[in-house]
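# Architecture and fold: a report
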Amino acid sequence: MSRFFRGGDDSSSESSEEEDVYSEEEESEEEKEESGEGSDDDDVEADEPEDSSSDDDADAGKKGASRFFVDQASSESEAESDLEGPSKVKSAKDKRFDELETTITTIQNGQKINDWGSISNEFDKLNRQVIKLQDGGKAPKAYIKCIAELEDFLNETLAKQKVTPKKMNATNARGLNAVKQRIKKNNKDYQVQIDAFRENSDAFMESDEEEEPAPKATKVKFAPMSSDQLLEEDAEGFTQVGKGGKMLQFTPESIFKHLRTIMESRGKKNTDRLEQIKIMEKLNEVAATPYQQIRVLMTLVSARFDLGSGGATSMPLEHWKAAERELAQLLKILETSKDHIIIEGAEEWDDDEKPPVLEKDEKYIKVPGSVVSYIERLDDELTRSLQSIDPHTSEYIERLTDESSLYNIIFQGLLYYEMLRKDAALEVPQDSVNRVIQRRLDHVYFKPAQVVKIFEENCWKEVPADIDSAITPRTDSIDAGQLVNTLSTYLFTNSEGIIRARAMLCQIYFLALHDEYYKARDMMLMSHLQDNIASFDVASQILYNRTLVQVGLCAFRKGLVYDAQNTLQEICGSGRQKELLAQGVMIQRFNQVTPEQERLEKQRQLPFHMHINLELLECVYLTCSMLLEIPLLAQTGSSPDVKKRVISKTYRRMLEYHERQIFTGPPENTRDHVMQASKALAAGEWKKSTNYIHSIKIWDLMLNTDDIKAMLAKQIQEEGLRTYLFTYAPFYDTLAVSTLSSMFELEPRKVSAVVSKMISHEELAAALDQVTETVIFRKGVELSRLQSLALTLSDKASALIETNERTLEQRTQGSTNAFDRKDRRGGGPNRGGRGGRGGARSGGHTQRQAGGTQFTGGALGAAVRG
């Protein structure tokens, strides 16, 4: 009997081998059989009973097991034929594709339930199956889709495993590790196809569907194209061929038809934008009339902008430069052809056969469009490009040189709109002029005057001598300050809302950058922008923060330490300088940020050349805080009755952290230098403090470094004198001015001035004897520790009473008769159960408290009044 089983196994193995070794000839024969499907199926059905009867006759003489096996085989074939209906012949390739799809479906089902054990097994099976289905080294598209999605799913699962502490079971973990080890090595062989799938999955899969019927129709479909190509090669070598093998002809007469076709396909799916751009470049070469050139250039520039329409990607560099050249060419054509204008709201010309002609009553041929929109988009694309480039490379510097050509475009656009505004009949909106001027101001306000002067000179070189600007005349553009003032004043006069506020902020920034502190401060205060800046858009708030910081730095350069610290406190005290100045994204530990919010935040970031040095900003802020906080700490430490106040909480926290350190090494960064200088200043070692401050290397980034260091040394000397007097005043009866002068290396007149100022502000209990040039200290009543604490408690109780009275006034809305306490201070029928207790405690006459009401604060108020 074993012989029969072996025979059955051999037949099955032989059949499987025959399926695997199908030749191309057999496949072609099967295709022929499928083409004559009806007759063949009938023949098959007719032959089946004859085959079965012949088998029965042949096996009739057999006995035993052989008879049994024959009957079983025939019954199985009959059952299968009953289930399947009419039999259909499949090629080996189709069967392998079916097996592949079954395996892919199993993997997808495993992904849904997170079954990595089955995914690992099926993945190995899938890789074995795809070897037999590769065509010219390319795997099937379904396989590429499966392994690409599997890799993404694997990365998501690994990311979740890092976040969630829940562990997989052993089988799943083994399967996950097995797939993790194999998939990267496996996907390297198909990386090109995977990248194509991830770029555009729909187009990738559709191309698969289009490729399948290609072999059948190849001979018939492209037969005419081959003859056309032969003719073209005989004529001139290579020529543009469109769909269906038709040759594309670019003539001046066919320009509008091609443009219409391109405009209709623009924005549709699977549109080859680069091919459209190539076609329009050829159309631009054959365009003969100004109208044709204007139409082609406008469509071409718009098509180039579509390449950078994605939110994350910027426009390619070569296309940006091409768009800049084409926009300059467009403005040049508009300058030479005065009868052609581009204006918003013009009617579209629908006739593709003939161009519009200038009528007798009309002065212009109007083309619908907006030049300012092209300028703004070109500017935005340059900004996005600079955001995506590493600023510490030469590529960023090379890209930044394109700003000069962009500034020329903006300037020429302003001249064009000024020309249109001269004709009142055109009704050019004021907003278009304002937008161009705002873009010009945005490229000027943060630059030094020397750079602005170079930009303006380059612009006016390309303009004919007989053309001048009414808004910014040629003579006024030489002076950068005058130029910024002219642009800002024009926007402030002819605009409103956000543009008006931004114009004022740009002018304040420019003034502060060029050390005109008092003008910048007065304009900042008169604008009252600090009252309603929260209602503006995010870009305007960023500009406000930048202007505020620049004003603070300007005050520091002028030696106004208090003003500088007070101005920088709002930005630097928050600890979010990067985020507030749009110079980086702050990663907060417990803050959930959606991908959309993160994308918008990255789009708001300023290019690197517009950044304010954050290390310099922190150094200035900490230095100013040190010069104000150290004397204040000395004053509160020596006089307990002085009300404690904090100027900079950020500085105090850093100082406390530094004092808690067990071991303090030499300073390494800016913060360490300032903390060491603070410690030395508090101890009266002003020279040591000066050396620490001067050794900070960041001062070299500022103009006039020597002047700034001299100013800081002078400030440290004066604040060291104040700190010394606050600290050691209780131990002196008299102190000679000459002693202080030699101790701090200040002139006697300067020492006398500092001491007089402290006395007049009641910071120092002393008198200055000008005859003997000595400081005579007055000894006050020294309070004990208990008395000091009692005074502190009294102050806090008084503050609590004032808070209660203000709350009462708010609730009663200032009405004086809300509580009648004149005759029944102890309470009455209107106060319920609490009145008896209040009346029992408070005897005597009423004493009016500050705040305008008779509320006494209860038992605590009586105790404080004593």
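Note that the structure is predicted; figures quoted are calculated from it, not measured. Residue numbers restart at each chain and count upward from 1, following the sequence in its written direction. Thresholds applied to this predicted model are a pLDDT of at least 70 for local features of residues and 80 or more for the giving and counting of side-chain atom pairs; totals over whole chains, interfaces and linings are not thresholded and use all residues. Only hydrogens and water are set aside when side-chain values are computed; all heavy atoms of the structure are taken into account.

So, on to the overall build of the protein chain. A count of helices and strands for the protein chain gives 39 helices and five strands. Working definition: with a 1.4 Å probe on protein chains only, accessible area under 20% of the residue-type maximum means buried, over 50% means exposed, and in between means partly exposed. Classification of the 866 residues of the protein chain by burial places 37% in the buried group. Entry remark: accessible area of the protein chain is about 51,700 Å², with carbon and sulfur atoms responsible for 51%. Numbering of helices and strands runs from the N terminus; a helix is a DSSP stretch of H or I covering at least four residues, while a strand is a stretch of E covering at least two. Accessible surface area values rest on a Shrake-Rupley calculation with a 1.4 Å probe, where residue burial reflects the displayed protein chains alone.

Now for the pattern of salt bridges. Whenever a carboxyl oxygen of Asp or Glu lies within 4 Å of a side-chain nitrogen of Lys or Arg, that contact is scored as a salt bridge. The full count for this structure, using the stated rule, is 28 salt bridges. Between D124 and R182 there is a salt bridge; the shortest N-O distance is 2.6 Å. Taken as a pair, D124 in helix α6 (residues 116-131) and R182 in helix α8 (residues 170-187) lie far apart in primary sequence, 58 residues in all. Judged by its relative accessible area of 22%, D124 falls in the partly exposed class. With a relative accessible area of 36%, R182 lands in the partly exposed category. Three or more residues joined by partner-sharing salt bridges are found here, namely E151, D152 and R198.

So, about the nonpolar core. Counting 161 residues, the largest nonpolar core has F556, M626 and W699 as its most contacted members. Among the elements that take part in this core, helix α30 (residues 614-638) stands out by supplying twelve residues, more than any other. Discounting chain neighbours no more than four positions away, the residues touching F556 are A564, V620, C624, W699, M702, I708, M711 and L712. Residues grouped as a nonpolar core are buried Ala, Val, Leu, Ile, Met, Phe, Trp, Tyr and Cys residues, joined through side-chain atoms within 4.5 Å. The next biggest cluster of nonpolar side chains, apart from the first, holds 25 residues, and it includes L100, I119, I144 and F197. Here, residues are in contact when the closest pair of their heavy atoms is within 4.5 Å.

Note on method: axes are straight lines fitted to C-alpha atoms, helices fitted across the in-contact stretch only, with angles between N-to-C directions ranging 0 to 180 degrees. Two numbers describe how helix α32 (residues 670-682) lies on helix α33 (residues 686-694): the axes approach to 8 Å, and their chain directions differ by 170°. With respect to their mutual orientation, α32 and α33 come out roughly antiparallel. Together, H673, V674, Q676, A677, A680 and L681 of α32 and K688, S689, Y692 and I693 of α33 make up the contact between the two elements. Three classes are used, and their members are as follows: Ala, Val, Leu, Ile, Met, Phe, Trp, Tyr, Cys and Pro are nonpolar, Asp, Glu, Lys and Arg are charged, and the others, Gly among them, are polar. The residue makeup of the contact of α32 with α33, split by class, is six nonpolar, three polar and one charged. Note on terminology: angles under 35 degrees are roughly parallel, angles over 145 are roughly antiparallel, angles of 65 to 115 are roughly perpendicular, and the others are oblique.

When two helices pack together, their arrangement is given by the angle between the helix axes and by the axis-to-axis distance. One can describe the packing of helix α15 (residues 290-306) onto helix α17 (residues 371-388) by two numbers: an axis separation of 11 Å at closest approach and a directional angle of 30°. The angle between the axes of α15 and α17 places the two elements in the roughly parallel class. Judged by the twist between their axes, the crossing of α15 over α17 is left-handed. On α17, the residues touching M298, V301, S302 and F305 of α15 are Y374, R377, L378 and E381. By residue class, the composition of the contact of α15 with α17 is five nonpolar, one polar and two charged. Note on convention: the crossing is left-handed when the near helix lies turned anticlockwise from the far helix by less than a right angle, right-handed when the turn is clockwise.

Moving on, we get to the pairing of strand β4 (residues 766-769). Inspection of the sheet shows β4 paired to strand β5 (residues 774-777) by four bridges, in the antiparallel sense. Within β5, the residue paired with L768 across the bridge is V775. Two strands are said to pair when DSSP picks up at least two bridges between them. Hairpin connection of β4 to β5: four residues between the antiparallel strands, including E773 at a positive phi of 55°.

Right, let's get into unusual backbone geometry. Of note in the backbone geometry, N114 takes a positive phi value of approximately 60° without being a glycine. Mapping N114 onto the fold places it in the loop between α5 (92-113) and α6. One non-glycine residue with positive phi stands out, namely H528, at about 55°. Summarising the element assignment, H528 is placed in the loop between α24 (517-527) and α25 (529-532).

Looking now at the sheet that holds β4. The three strands are arranged β3-β5-β4 in an open sheet whose pairing can be described as antiparallel. Because the sheet does not close on itself, it has two edges, and the strands there are β3 (734-736) and β4. For this sheet, the mean inter-axis angle between neighbouring strands, taken without regard to orientation, is 20°. Inspection of the sheet shows β3 paired to β5 by three bridges, in the antiparallel sense. Across the sheet, the residue bridging to A736 is T774, located in β5. The strands touched by helix α35 (residues 737-744) are β3, β4 and β5; relative to β3, the strand with the most contacts, the crossing angle is about 55°.

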